[in-house]
Amino acid sequence: MSGTNDLNDRDLFQRSLDRVRHAASHAHIDPETLVRLSLPRRVLEVAIPVRMDDGSLKVFRGYRVQYDDSRGPFKGGIRFHPSVDLAEVKSLALWMALKCAVVDIPFGGGKGGVEVDPRDLSHAEVERLARGYVRAIADVIGVDRDVPAPDVYTNARTMAWMADEYSTLMRRLEPGVITGKPVGRGGSLGRDDATARGGYYVLEEIGRQRNWQPAEIRVAIQGFGNAGQHAARLLHADGYRVVAVSDSRGGVYVPEGLDVPAMIAHKRDQRALPAVGTAITNEELLALDVDVLVPAALEDQLTAANAADVKAAVVVELANGPTTAEADRILHGKGTLVVPDVLANAGGVTVSWFEWLQNRSGSYWVLDEVHDKLRATMRQQFEIVHARMTADDIPMRDAAYAVALERLGAALTAGGTAADFQPRQAERQRVAAGAKG
Ligand code: GLU
């Protein structure tokens, strides 16, 4: 991560809250909405002891943060990554609350994480860690309380282990407690590529507005995990020119366009990108001469140090939090459209909601139904956010936050505000003064 002045002494969570407060000036909300959203409802830190394959014992640090559940059960993924810390999980949980409100699905915001590099662990060790994590947080999750899902370095198989562990603990099947499960184990068709597909549907709308011909649009994608790979595949299949991709070790650049299916096959079989075209760093990828830049890795990638170098006209944030506030200002000043994470990557949690609905009804949807409903949701909410951006002449992130804060505000205000208590006070004063009625 680059050491720039915008990644200052304020931690990621404080910086995330600053941006919510800033956007709130564009939202029509009771001021108490922000007061209520200034702290997560609950933070759980746990120790997860795991017996390693060599017989040794390791203890991993895990978290579950439940940010807000005024609109529905807490909802959000579980990240296994060496840089997981509390400030990060709190930010990710806050972003989930905003995200679920942006796409208007009946969930609140939560997030979990374990400080671990799962690439150093065997499958059996990851399974024991996943099951141990669920045992540690089982008291606070539940189909109507808090519903985890995959995130960075966790996947459908991890979710299957977690859902199985939960059912074992509860001595009943409860598939809806975890989403992102494998199909055949209560998962939904279309959940695997839903994060990328949601962003792709948004990009379709932008392409329509800008009269894009896909063959002329050059795309660079930072990150080649679930979101990045599926985004590359969908865009490539649609005729877009995906010219660069990268993973944590660096990237490759082919100006004429990459053979995306071959890249995906190589990454799957060799766990690495093939050495094609020009080798580039992650930093160089962000500054490539492209039309669309898709950060699909981690937070704080576009910063004050490199935002001015971005040449893309549109940035689609498939990662959570890839752009700092200072980078946002620089990009906005240059006329770059940044489609914010809370909208661009909301397809994942939207299909998680579909999965939860299917688990609870016991009836399962065909793939076309998932795609149609996801496209309808993404289009509708994109239109709302886009209209807000245009009407108020503000960055798209502020517009998305404003829409989300108004929806969250409506739910929080319904629980009672200062205004509801003042008449009672007036009443008491009247009674004390001996007035009638
Ligand atoms: N981890 C994904 C996200 O950041 C999906 C969350 C979910 O499906 O609950 O949006």
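Anyway, here's the lowdown on the structure attached to this text. (Residues numbered from 1 in each chain as written. Predicted model: local features only at pLDDT ≥ 70, side-chain atom pairs only at ≥ 80, totals over all residues. Heavy atoms only, no water.)

Attention shifts here to the site of the ligand. Around the ligand there are 14 residues in total, and K75, K99, P150, D151 and S352 lie nearest to it. A distance of 3.0 Å separates an oxygen atom of the ligand from a polar side-chain atom of N320. Between an oxygen atom of the ligand and a side-chain N or O atom of S352, the distance comes to 2.6 Å. For the ligand, the protein covers 95% of the area, taking 300 Å² as the surface of the free molecule. (Near = heavy atom within 4 Å. Polar contact = N/O pair within 3.5 Å; in protein donor to acceptor, adjacent residues only side chain to side chain. Areas by Shrake-Rupley, 256 points an atom, 1.4 Å probe, with all protein chains shown as cover.)

A few words now on the layout of surface pockets. Empty space among the atoms becomes apparent when a probe as large as a water molecule is rolled across them. Taken as a whole, the second largest pocket spans an internal volume of roughly 610 Å³. In this structure, the second largest pocket is lined by 32 residues; those nearest its centre are R19, T324, A325, D328 and R329. Within the residue set of the lining of the second largest pocket, elements represented by two or more residues are α1 (12-24), α10 (325-334), β12 (337-339) and α14 (396-414). A per-class count over the lining of the second largest pocket returns ten nonpolar, ten polar and twelve charged. (1 Å grid on protein atoms, 1.4 Å probe; cavity = no way out; pocket = protein on both sides within 12 Å on 5 of 7 lines; lining within 4 Å. Points joined across faces, edges and corners; volume = space filled by probe spheres on them. Helix = DSSP H or I, 4+ residues; strand = E, 2+ residues; numbered from the N terminus. Nonpolar A, V, L, I, M, F, W, Y, C, P; charged D, E, K, R; others polar.)

The subject of this paragraph is the pattern of salt bridges. Scanning the entire structure with this criterion turns up 40 salt bridges. R131 is the salt-bridge partner of D164, the closest N and O atoms lying 2.9 Å from each other. You can see D164 sitting in helix α5 (residues 156-170) and its partner R131 sitting in helix α4 (residues 123-137), a full 33 residues away along the chain. On the basis of relative accessible area, R131 is assigned to the buried category, the value being 16%. What emerges from the salt-bridge pattern is a single network uniting E127, R131, R135, D164, E165 and R185. (Salt bridge = Lys/Arg side-chain N within 4 Å of Asp/Glu carboxyl O. Buried < 20%, exposed > 50% of the residue type's maximum accessible area, 1.4 Å probe, protein only.)

With that settled, consider the pairing of strand β4 (residues 109-115). Counting buried residues along β4, six of its seven residues qualify, which places the element largely inside the surrounding structure. Looking at chain direction, strand β2 (residues 57-68) and β4 are connected through six bridges and run antiparallel. Looking at the pairing, G62 lines up with V114 of β4. As judged from the four bridges shared by strand β3 (residues 74-81) and β4, these two strands associate in the parallel manner. Paired with I78 across the strands is G112, a residue of β4. Note on the crossover from β3 through helix α3 (residues 86-102) to β4: the handedness is right-handed. (Pairing = 2+ DSSP bridges. Right-handed = clockwise from strand over helix to strand, strands pointing away.)

Moving on, we get to the pairing of strand β10 (residues 292-295). Strand residues, when the strand is regular, have side chains that alternate between the two faces of the sheet. Here β10 shows no split at all, with V292 and V294 on one side and L293 and P295 on the other all buried. Summarising the sheet, strand β6 (residues 218-222) and β10 pair through four bridges and their orientation is parallel. Bridge assignment links A220 to a residue of β10, and that residue is L293. Two elements, β10 and strand β11 (residues 314-316), share two bridges in a ladder whose sense is parallel. Each bridged residue has a counterpart across the sheet, and for L293 the counterpart in β11 is V315.

Note that all results are geometric; they support no functional claim without further evidence.
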